[in-house]
Amino acid sequence: MQDQRIAVVTGASSGIGAATARALAAAGYSVVLGARRMDRLREVADSCGGVARELDVTDPDSVERFCAALDRVDLLVNNAGGAIGTEPIAEARDEDWQRMYETNVLGVLRMTRALLPRLIGSGDGQVITIGSVAGRESYRGGGGYNAAKHAVAAVMRVLRLELLGQPVRVCEIDPGMVETEFSVVRYRGDEERAHAVYEGMTPLEPEDVADAVVWVATRPSRVNVDSMLLLARDQAGAQLVHRR
Ligand code: NAP
């Protein structure tokens, strides 16, 4: 369909990205999904009639290949990201911080910069980036992830200022605890530790964040939701959690 809006979702092979791809497709978008694990990505794409394309946001060539294959883009959802480790700053490893910066910060920069001409060209473009409560509040053990998500928030704010007058909306959605593969990645594959993060409390589900993305994307184009903090009822701050 000529008039169908096209959405690109990064990190769509699991969690929030996968749920967002499905929700946007259900809302009428034609979705193009990017991630590194192609088997997982294809499953998600097949479930919502989307297109799966390999993408590593830490690799400039991969970003260039992914973006070159796109003709029109109306919505970019910068979702690829995550945390590695919970070591205190005194024990922080450079390689973990580099990975977090590469994925969360430079990944957002590369994707946004590459697609901006198409988003402006669409006449009604939109960038929605998944930040985090960790980009608003710092916590012990959060060092590299806090720094990266604070940087994401700064990048999104600058983008909003720089695009004033252009037909592109900019929004950052900051979730709190969402049960996805996030904690498994953060704890380097330790499923038991990852599971304990959500013990005794009810976290958000990926679909809750996807709902927020769709709501933001489907406001009239005169409305720019600049940012949104989305927490579970059981979470009142980055590390303030009610457990039963
Ligand atoms: P997740 O299930 O681990 O999903 C992360 C996604 O990012 C995966 O699809 C992964 O796909 C993709 N990804 C990672 N590195 C990538 C790279 N270099 N290039 C392309 N894709 C990459 O975790 P999630 O919770 O859904 O995380 C999604 C976003 O939400 C992240 O930005 C995260 O920081 C943010 N967030 C999560 C929470 C939470 O509690 N879960 C809270 C606040 C914010 P591949 O491995 O296949 O590439």
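Here goes a summary of the coordinates provided. Since this is a predicted model, take the numbers as computed values, not measurements.

Here's the deal with the overall build of the protein chain
When its secondary structure is counted, the protein chain shows eight helices and nine strands. In the protein chain, which comprises 244 residues, the proportion classed as buried is 49%. Of the contacts formed within the protein chain by residues at least 6 apart in sequence, a portion of 69% connects residues at least 24 apart. If you average the places of the 28 positive and of the 34 negative side-chain charges in the protein chain, the two averages end up 4 Å apart.

Some remarks on the site of the ligand
Lining the immediate surroundings of the ligand are 31 residues, of which Ser-13, Ile-16, Arg-36, Tyr-145 and Thr-180 lie closest. At 3.0 Å from a nitrogen atom of the ligand is found a main-chain nitrogen or oxygen belonging to Val-57. In isolation the ligand offers 880 Å² of accessible surface; the protein chains occlude 95% of this area. The set of elements that each furnish at least two residues to the shell around the ligand consists of helix H1 (15–26), helix H4 (94–121) and helix H5 (143–162). Each residue belonging to the shell around the ligand can be placed in one class, and the counts come to twelve nonpolar, 14 polar and five charged.

Structural notes on H1
The end-to-end C-alpha distance of H1, which contains twelve residues, comes to 17 Å, matching closely the 16 Å that a straight helix rising 1.5 Å per residue would cover. If you check which residues of H1 are buried, you get Ile-16, Gly-17, Ala-18, Ala-19, Thr-20, Ala-21, Leu-24 and Ala-25. As for H1, its buried residues are in contact with strand S1 (6–10), strand S2 (30–35), helix H2 (38–48), strand S4 (75–78), strand S6 (168–175) and helix H8 (206–217). Gly-28 lies just past H1 and shows a positive phi near 105°.

Details of the pattern of salt bridges
Enumeration over the complete set of coordinates arrives at 14 salt bridges. Salt-bridge contacts for Glu-181 lead to Arg-37; the nearest nitrogen and oxygen are separated by 3.2 Å. Taken as a pair, Glu-181 in the loop between S6 and helix H6 (182–186) and Arg-37 in the loop between S2 and H2 lie far apart in primary sequence, 144 residues in all. Two residues, Arg-188 and Asp-96, come together in a salt bridge whose shortest N-O distance is 2.8 Å. Within this pair, whereas Arg-188 is found in the loop between H6 and helix H7 (191–196), its partner Asp-96 is found in helix H4, the two being separated by 92 residues in sequence. Here Arg-188 falls in the partly exposed class, since its relative accessible area comes to 38%. Residue class for Asp-96 comes out buried when judged on its relative accessible area of 6%.

Quick notes on the rules
- Along each chain, residues carry numbers from 1 onward, in the same order as the chain's sequence is written.
- Since the coordinates come from a predicted model, pLDDT governs what is reported: local features require at least 70, and pairs of side-chain atoms require 80 or more to be given and counted, while whole-chain, interface and lining totals use all residues.
- Side-chain figures throughout are based on the complete set of non-hydrogen atoms in the structure, without hydrogens or water.
- Under the DSSP-based scheme used, a helix requires at least four consecutive residues in state H or I and a strand at least two consecutive residues in state E, with every element numbered from the N terminus.
- Three labels apply to residues, based on accessible area from a 1.4 Å probe with only protein chains included: buried if under 20% of the type maximum, exposed if over 50%, partly exposed otherwise in between.
- We call two residues contacting when some pair of their heavy atoms lies within 4.5 Å.
- Charge counting treats Lys and Arg as positive and Asp and Glu as negative, with His and both chain ends excluded.
- Charged side chains are reduced to one point each, which is NZ for Lys, CZ for Arg, CG for Asp and CD for Glu.
- One heavy atom suffices: a residue is near a molecule or strand as soon as one of its heavy atoms comes within 4 Å of it.
- For this analysis, a polar contact is any N or O atom pair within 3.5 Å, provided that within protein one partner can donate a hydrogen and the other can accept it, and provided that sequence-adjacent residues contribute only side-chain to side-chain pairs.
- For the accessible areas, the method is Shrake-Rupley and the probe is 1.4 Å, while residue cover comes only from the protein chains on display.
- Nonpolar residues are Ala, Val, Leu, Ile, Met, Phe, Trp, Tyr, Cys and Pro. Charged residues are Asp, Glu, Lys and Arg, and all others, Gly as well, are polar.
- By definition here, a helix of n residues has an expected span of 1.5 Å times n minus one.
- Salt bridges, as used here, are contacts in which a Lys or Arg side-chain nitrogen is within 4 Å of a carboxyl oxygen on Asp or Glu.

Purely geometric numbers; function is a separate question.
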